[in-house]
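Here are the chains, one letter per residue:
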Amino acid sequence: MNDPQKNDKDIDRRILVDAVDEAKAMGREGMAHPSTKPVLIGTGVGILAGALLPIVGPVVGGVAGAGFMLYKRIRP
């Protein structure tokens, strides 16, 4: 029978491969790629949030925002 946990683990193992493929496609196609604009918006929001929070800096906030939006594009 189909084990739902096994299927979830297979999907989780491929997330890094899918993220690298998506980032490469974004680099090749630039702003024409459908994931580029949401990831850039997430980066901007993360930079703003990082600038407002005293512990987290803008660089860490930008990386976190971009990573989150890339994750949401790969696994909605």
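Predicted model only: the values in this text are computed from it and were never measured.

> Would you explain the nonpolar core in this entry?
It is characteristic of soluble globular proteins that their nonpolar side chains tend to be buried jointly. Among the nonpolar cores identified, the biggest contains six residues, and these are A19, M26, V39, A66, L70 and I74. Sorting the residues of this core by element identifies α2 (15-29) and α4 (58-74) as the ones contributing at least two each. Here this core gets three residues from one element, more than from any other, and that element is α4. Look past the residues within four positions of I74 in its chain and what remains in contact with it is D18, A19 and E22.

> How do you make sense of the packing of α2 against α4 when you look at a structure like this?
Helix packing geometry: the angle between the two helix axes and the distance between the axes. For the pair α2 and α4, the least separation of the axes is 10 Å and the interaxial angle reads 105°. With respect to their mutual orientation, α2 and α4 come out roughly perpendicular. Across from I15, D18, A19, E22 and M26 in α2, the residues of α4 making contact are L70, Y71 and I74. The residue inventory of the contact of α2 with α4, partitioned by class, reads six nonpolar, no polar and two charged.

> I would appreciate a short explanation of the environment of A25 in the present structure.
Along the chain, A25 falls in helix α2. Its relative accessible area of 11% is what places A25 among the buried residues. When the C-alpha atoms of A25 and S35 are compared, they prove to be 9.1 Å apart, with 10 residues separating the residues in sequence. Setting aside residues up to four positions removed in sequence, A25 forms contacts with G30 and H33.

Analysis parameters
- Just so you know, the residues in each chain are numbered from 1, in the order the chain's sequence is written.
- Thresholds applied to this predicted model are a pLDDT of at least 70 for local features of residues and 80 or more for the giving and counting of side-chain atom pairs; totals over whole chains, interfaces and linings are not thresholded and use all residues.
- Values shown for side chains rest on all heavy atoms present in the structure; no hydrogens or waters enter the calculation.
- Residues grouped as a nonpolar core are buried Ala, Val, Leu, Ile, Met, Phe, Trp, Tyr and Cys residues, joined through side-chain atoms within 4.5 Å.
- Each residue's exposure class comes from its accessible area (1.4 Å probe, protein chains only) as a fraction of the maximum for that residue type: buried when under 20%, exposed when over 50%, partly exposed otherwise.
- Numbered from the N terminus, helices here are DSSP runs of H or I no shorter than four residues, and strands are runs of E no shorter than two.
- The contact definition used throughout considers only heavy atoms, calling two residues in contact when any of these lie within 4.5 Å.
- Here the axes come from fitting lines to C-alpha atoms, over the contacting stretch only for helices, and the angles between their N-to-C directions go from 0 to 180 degrees.
- Should an angle fall under 35 degrees it is taken as roughly parallel, and over 145 as roughly antiparallel, whereas 65 to 115 is taken as roughly perpendicular and any remaining angle as oblique.
- For this classification, Asp, Glu, Lys and Arg are treated as charged, while Ala, Val, Leu, Ile, Met, Phe, Trp, Tyr, Cys and Pro are nonpolar and the rest, including Gly, are polar.

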